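So the chains spell out like this:
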Amino acid sequence: MPQSAELLAGNLDLVILKAVSLGEVHGYGVLLRIEQISGGAILVQQGALYPALYRLEQRGLIAGRWGTSSNNRRARFYSLTAQGRKQFSEEMQSWQRLVDAIALSLTATPNQV
Amino acid sequence: MSLLPQWLAELAARTRALVRGLTQRATLEREMRDEFEHHIAARADDLMRSGLSASDAQRQARREFGHANTHRMDARDAMGLTPIAQLRFSWLDVRLALRILRKHPMLNIAAIIALAVGIPVGLAPAHLARALEASLPSDAEGRVRAIRHWDPLFSRVAPTSEADFARWSVAVKGFTSVAAFRSTLAAVAVGEASPSQYSAAQVSASLFPMLDARPTFGRTLDARDFAAGAPDVVVIGHGLWSAQFARDRNVVGRSLRIGRRLYEVVGVMPDGFAFPSNEALWIPLRAAESGGAAERSRVQVIGRLADAVSDERAQAELSALGVAPLVGSSDAGEMEARARLRAEVVPFSLLFLGLPAGGLDALPEFRYVQLLMFALLLVACGNVAMLIFARTATRLRELAIRNALGASRTRIVSQIFVEALVLALVGAGIGVFAVDWAIGKVNIAQLAGEVALPYWLSLELTGRSVVSALALAAVSATVAGVLPAILITGRNIASHLSGASRVRFGRLTATLVVADIAVSVAAVGMAFAVSQHATDLRVRDQALGVPAAEYLAVELRIPDEAVEDLAIDQREFVAALQREGGVRSVAVSDALPGMDHRSRPYELDAAATGAEDDSRWVRTVNADVEYFRSLDAPIRQGRDFERGDADSAARVVIVNTAFVAQALGGGEAIGRRIRFPSSANANDARWYEIVGVVGHLGVNVMNAERGEAVYIPTAPGQVKPLRIAVRTTAEPAQFVARLREIAREVNPDIVIDKASLLSDLRQADWYLVMGLALGLVVLAVVLIALATSGLYAMLSLAVSERAREIGIRAALGATRGALLLTILKRPLMQMGIGALIGLPLAARFLYELTTTPGGDGSTAGAIGVALALTLGIVLFVALSSCLVPMRRILGIEASEAMRAES
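Source: prediction; values computed, not measured.

### Thoughts on the pattern of salt bridges
Scanning the entire structure with this criterion turns up 41 salt bridges over all chains. Where Glu 24 of chain A meets Arg 65 of chain A, a salt bridge forms, and the shortest distance between an N and an O atom there is 2.8 Å. One end of the pair, Glu 24 of chain A, is in the loop between α1 (11-21) and β1 (25-26); the other, Arg 65 of chain A, is in strand β2 (residues 62-68), and 41 residues separate them in sequence. On the basis of relative accessible area, Arg 65 of chain A is assigned to the partly exposed category, the value being 40%. Its salt-bridge partner being Glu 37 of chain B, residue Arg 62 of chain B comes within 3.2 Å of it at the nearest N-O pair. Placement of Arg 62 of chain B in helix α3 (residues 54-65) and of Glu 37 of chain B in helix α2 (residues 25-49) is noted, with a sequence separation of 25 residues between them. Ionic contacts of the salt-bridge type, sharing partners, join the residues Glu 555, Arg 557, Arg 723, Asp 753 and Lys 754 of chain B into one network.

Encoded structure:
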């Protein structure tokens, strides 16, 4: 069992955008997909999921529609909008820059000082 | 890919979500619940697959999901819907609002008056615009349009002829039918009775079917009545049928006389039909016989749009057709004038009112008026906001308790909004009712200087206007209720539980009161100055230049008469008048002193003053050569007109002193030349020589110095409209009957119209100025009422809040004067500042308008009286707002005040 990682505040939206960007998915599916793609390292609090989804929808980054789930239940499916795709790509780059910078900082040696 | 910038796309998405939250709150809540249920069910399925029983899986899933209500609240917060979710309007709010209305009657009455004036004033321009553009009563589908020529150079309707009508009838396919008509006046007599004048219309055969107008008796005009040699027939209106035929049901077949000809009555139209305006009878418009005559025969044209044909399509078709050049005209000026015309499809009312294609909305002046009216409503809302602020401030403790018991800020704000809404609805209701009552009682036609309003024009309130009033009430309540509520609940509302903290009026309210007083003083002063000026007989007599009370002015109309016959009739009529005992002189022109004069652009000869301004305009008068002698108007320079001057070859004019001062810079006028280049008449486009100068002759009665005019000698028969001023030795009004008799003796077809004393004539400017004065008075009254109520609100609040302090000071021996000063100092200062700002404005305006060159020194006195009056009115009303609070201050008992507070 992999160790679970603490999700930094503000990064939940990015992870949800990633999960939704992989294909249309309902709310519970988002939770499972995040768990799956993070190798079980990220466990999203169920109470935090829906406010985040609604916030993203309100910002026009994801769009929801009512459909039928695989177990034949009425469910709300979310997909990425064009605006969301753009935002996700920008946030990804920004995140990558941050990770690179932190990694670089943490691997610094005395010679570099 | 969206083309919108990210921030804009996000704003649009947020707005959409917010609107959805506002409009579909129940759906949103239901969807949220369904989504949570799906989540729990899906998790339970997974748990069952891992071996749990159905009930255990359900329980476990719910436990993991947590408290659904908390998630819902978080979700609402995330969507920005929490304040909306807290908005709950109930009958309890309305009941509370009504209770508050009763509790603060003075404040509420002031607020209701402000809104009862502000809301109808804000609505009036749009209502008027809609009323003026209404379709004809018989045109339920709104498909009848006018087809007209528009002259863009002069921004006015240009004539259309029978030839245009014939061409449009055939060539324009967007109309199912096209009809023509011409309004005229008719001297109507039945049997041996003396004739009475009625407005009549000559109409084409297609008119009645197009309007779907059916008679009460008999028939309307049809094709057989328009054939050459057909007998003369007439369709009469309900009014004429009642007045001339005593509602005889067998009237069809009887005859009436119009001028010299006998007409057989073939039908009676129902009450209320008076097309095109207030016409009482309709006769066939028989086509002019030759092509040339059809070109000159003026008619007005309407058409019924075919089904599914839009105004734009009909307009495009008409534009493609263009304006036909004049057949048989070799006059370059006339051809040029014709070439610049535009054929237009417009609502019927626009043809009648002479408004541009966009209607009232197309006039910049109308936009300004609309803005002004809305500004007034905004001022009213600002003042009402101040009243609500004051009223709410007295209830802070109550609101703080409600807050402590769990009422959110949104809930409190929404309740105050409902209170404001109730106020606004009561105000709007009273305002709308008052306007409706006034429309029914006031003779609007008379105010507008008309005999009657067009039959199709109804100023009565429509459902749409009432709905607009309600919407405006809601907007007013938002401005006047929500803003102060947010302001007052913004601070720590709980601190008011102890009653220790105090709400103060800020700079904004002080500025509002100062501005109200300043504008009121200025408006009262301006209204006084404007009305004083408009009614100043000294200014008027000076501008008129003739003893106007001794003249009777009439307009002569002789329908369908050739120029030669007109000339004979004019000469005979004038000669008959001159022979009449008691007539001192007879003056003939197309614009008598004190009437509106036609303006035209002009050019001066090369030796002009140097100003190359080619857009100068001057008023022109076509006058008989005896005009100045008949008016006893002395020639100041040069010579008077002579008998041969009316020949087109003579080409001489006389100008007035205002023209010499304004256009020639006071230089030499005699021998200078002038022409009217854009005139439709090429003859006028050639040069005229100035041979004389006269003084002011009522060209611009409001401002004689800006009444530049050129008098053109005109031969009999060519003065149109033919206006005659008759100077009598006795009372001119008593001469009207005899004048009509003389007209009948000369030619029974002559119609005497608009008989009045020359001194009773008013130019359009006069109505404009008096309207302005009235508007200023209304504005001043409203502002004074608002300022009074604002001051009252401030003082009431101050007295309530400082009752304890006043009580203590009274107990310590403070005098009544000192106590009053404590509270009144601030409002008195505000009134003083307001008056100090407003007075110079009023004084400046008074000075500008009431000071005339060569004045006799009485102006300074008039200004002093006006200013004192202005200041007196404002201060009296403003101080009266202090009376009730003053009584309360003086009535405060120290012991009671302290006990009440503790």
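Now that the structure has been shown, we can carry on.
### Some words on the interface of chain A and chain B
Taken together, the contact between chain A and chain B spans 28 residues of the former and 29 residues of the latter. Carbon and sulfur atoms supply 53% of the area that chain A and chain B bury against each other, a total of about 2700 Å² over both sides. By the criterion of area lost to chain B, the three top residues of chain A are Tyr 28, Tyr 54 and Gln 58 of chain A, representing 28% of everything that side buries. Taken together, the links from chain A to chain B amount to 2 salt bridges. At the boundary of chain A and chain B, one finds 8 residue pairs in polar contact (both at pLDDT 80 or more).

### A short note on the sheet that holds β2 of chain A
Pairing within the open sheet is antiparallel, and its 3 strands lie in the order β1-β3-β2 (chain A). With one partner strand each, in any of the chains shown, β1 and β2 of chain A form the two edges of the open sheet. One ladder, built from 7 bridges, connects β2 of chain A with strand β3 (residues 74-80) of chain A; its direction is antiparallel. Among the inter-strand pairings, Trp 66 of chain A is bridged to a residue of β3 of chain A, identified as Arg 76 of chain A. Taken strand by strand, α2 of chain B contacts β1, β2 and β3 of chain A, and its axis lies near 95° from that of β3 of chain A.

### Here's the deal with the pairing of strand β8 (residues 255-258) of chain B
All names here are of chain B. Burial of the side chains of β8 is restricted to one face: Leu 256 and Ile 258 are buried, whereas none of Ser 255 and Arg 257 on the reverse face is. Sheet topology places β8 next to strand β9 (residues 261-268); 4 bridges connect them, and they run antiparallel. Of the residues in β9, the one forming a bridge with Arg 257 is Leu 262. Adjacent in sequence and paired antiparallel, β8 and β9 are bridged by 2 residues, among which Gly 259 carries a positive phi angle near 65°.

Parameters and conventions
Residues numbered from 1 in each chain as written. Chains lettered and ligands numbered in written order. Predicted model: local features only at pLDDT ≥ 70, side-chain atom pairs only at ≥ 80, totals over all residues. Heavy atoms only, no water. Salt bridge = Lys/Arg side-chain N within 4 Å of Asp/Glu carboxyl O. Helix = DSSP H or I, 4+ residues; strand = E, 2+ residues; numbered from the N terminus. Buried < 20%, exposed > 50% of the residue type's maximum accessible area, 1.4 Å probe, protein only. Contact = heavy atoms within 4.5 Å. Buried area = accessible area lost by both parts, 1.4 Å probe. Polar contact = N/O pair within 3.5 Å; in protein donor to acceptor, adjacent residues only side chain to side chain. Pairing = 2+ DSSP bridges. Axes fitted to C-alpha atoms, helices over the stretch in contact; angles between N-to-C directions.

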